[in-house]
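Here's the letter readout for the chains.
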Amino acid sequence: MAEAILTATKIDKRFGGFIALDGVDFTVAAGERVGLLGPNGSGKSTLVNCLTGALRNDGGEVVLLGRRIDRLPTHQRIRRGIARTFQVPRPFASMTVRENVEIALLYAGGATAAGNEAPAILDQVGLLQKADQSSRSLTQVDLRKLELARAMAARPRLLIADEVMAGLSTAEVDEILALLLRLNESGVSIVMIEHIMYAVMKFAQRICVLVAGRKIADGDPQAVIRDPEVERAYLGE
Ligand SMILES: Nc1ncnc2c1ncn2[C@@H]1O[C@H](COP(=O)(O)OP(=O)(O)OP(=O)(O)O)[C@@H](O)[C@H]1O
Ligand SMILES: [Mg+2]
């Protein structure tokens, strides 16, 4: 078993009286590809927000590479190696593709190297040819690539991709899938949150399922999707 990169233990999150996460354990090993599934509103993005610092967990703890991070601000967590994409990409529309990556590099602490590193990152996601275009001019699939480039600017050990394929055509989904597999081969652990089941099944070495803020399954993808409790959750019983 590879070394754990991320270990989140008994994560609780409440919004007022509503329990969004209820004692969720979530781990990612070095180099691992994990699928995070669950119906709409089950707490997937909330878990990501607690891991990366957009939200503060009410209970439990998050350990990244041996150090507790759940009381650190987002930018410090990013510098320690965890990066995420947002479900709704929000690049700066008035800036070029390259400038958007440079901003992400500055935020991730690579200030001096920002200008030099942006082309390599754009190349990694297949956007180098479009570096000087306005990000406003990008198609949906290229916006997703830019979102991944912005996350990769932090040179993360762990990348969390929150529905980067939603709304894309099958060919575009395959393109992003290939890109994520390439990033993983370069050594980055990846958590894929996705409703597109065939993409998750192609990608994930392990699948976790959240339902109503609780983890109901965690393990081998084939076994998890045949789990009766998981089937029930998806049939909306
Ligand atoms: N900031 C917030 N304030 C109040 N409630 C919230 C907040 N963020 C999320 N919630 C609620 O918490 C629950 C979990 O939401 P979350 O966005 O984590 O779901 P999800 O699994 O990512 O769903 P989807 O597949 O639709 O993206 C939902 O009921 C949502 O309405
Ligand atoms: Mg979500």
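Sequence order sets the numbering: in each chain, residues are counted from 1 along the sequence as written. Both sets of labels track the order of writing: A upward for chains, 1 upward for ligands. Local features in this predicted model are restricted to residues of pLDDT 70 or higher, and side-chain atom pairs are both shown and tallied only at a pLDDT of 80 or more, whereas totals for entire chains, interfaces and linings draw on every residue. Water and hydrogen atoms were dropped before computing side-chain values, which therefore reflect all heavy atoms in the structure.

Enquirer: What exactly am I supposed to notice about the site of ligand 1 here?
Expert: Neighbouring residues of ligand 1: 14 residues in total, closest Asn 40, Gly 41, Lys 44, Thr 46 and His 195. Ser 42 is positioned such that a nitrogen or oxygen atom in its backbone is 3.2 Å from an oxygen atom of ligand 1. Surface accessibility in these figures is a Shrake-Rupley result with a 1.4 Å probe; residues are shielded only by whichever protein chains are displayed. Alone, ligand 1 offers 640 Å² of accessible surface; in the complex the protein occludes 61% of this. Runs of E in the DSSP output that reach at least two residues are strands. Runs of H or I that reach at least four are helices, and both are numbered from the N terminus. If one sorts the elements of the shell around ligand 1 by residue count, helix H1 (residues 44-52) sits on top with three residues. To be near a molecule or strand, a residue needs just one of its heavy atoms within 4 Å of it. Pairs of N or O atoms are called polar contacts if they sit within 3.5 Å, as long as, within protein, a hydrogen donor faces a hydrogen acceptor (for residues adjacent in sequence, only side-chain-to-side-chain pairs).

Enquirer: Would you explain the sheet that holds strand E3 (residues 33-37) in this entry?
Expert: Consider a sheet: its strands pair through backbone hydrogen bonds, and that pairing is either parallel or antiparallel. A pair of strands is considered paired only if DSSP assigns at least 2 bridges between the two. Strand order in the open sheet made by the six strands is E6-E7-E8-E3-E9-E10, with mixed pairing throughout. The open sheet has two edge strands with one neighbour each: strand E6 (82-84) and strand E10 (214-219). Strand-to-strand, the axes of this sheet are offset by a mean angle of 15 degrees, without reference to chain direction. Inspection of the sheet shows E3 paired to strand E8 (residues 189-193) by four bridges, in the parallel sense. Paired with Gly 35 across the two strands is Met 192, which belongs to E8. Contacts were defined at the residue level, with two residues in contact if any of their heavy atoms lie within 4.5 Å. Each axis is a line fitted through C-alpha atoms, and for a helix only the stretch in contact is used; angles between axes span 0 to 180 degrees, taken between their N-to-C directions. The sheet strands contacting helix H6 (residues 170-185) are E3, strand E7 (158-162) and E8, and the helix crosses E8 at an angle near 155 degrees.

Enquirer: For this particular structure, what's the right way to read the side chain of Thr 46?
Expert: Tracing the backbone shows Thr 46 in helix H1. Throughout, exposure labels follow a simple rule: accessible area from a 1.4 Å probe, protein chains only, divided by the maximum for the residue type, with under 20% read as buried, over 50% as exposed, and the rest as partly exposed. The class of Thr 46 is buried, set by a relative accessible area of 14%. In this structure Thr 46 touches Lys 13, Phe 15, Ala 20, Leu 21 and Leu 55, once residues within four positions along its chain are discounted.

Enquirer: For this particular structure, what's the right way to read the pairing of strand E4 (residues 59-64)?
Expert: It is a general feature of regular strands that their side chains alternate between the two faces of the sheet. Strand direction decides the pairing type here: strand E1 (residues 4-15) and E4, joined by five bridges, are antiparallel. Paired with Thr 7 across the strands is Val 63, a residue of E4. Taken together, the two bridges between E4 and strand E5 (residues 67-68) define a ladder with antiparallel strand orientation. Along E5, the bridge assignment pairs Val 63 with Arg 68. Between E4 and E5, which pair antiparallel and follow one another directly, the connecting turn spans two residues, one of which, Leu 65, has a positive phi of 50 degrees.

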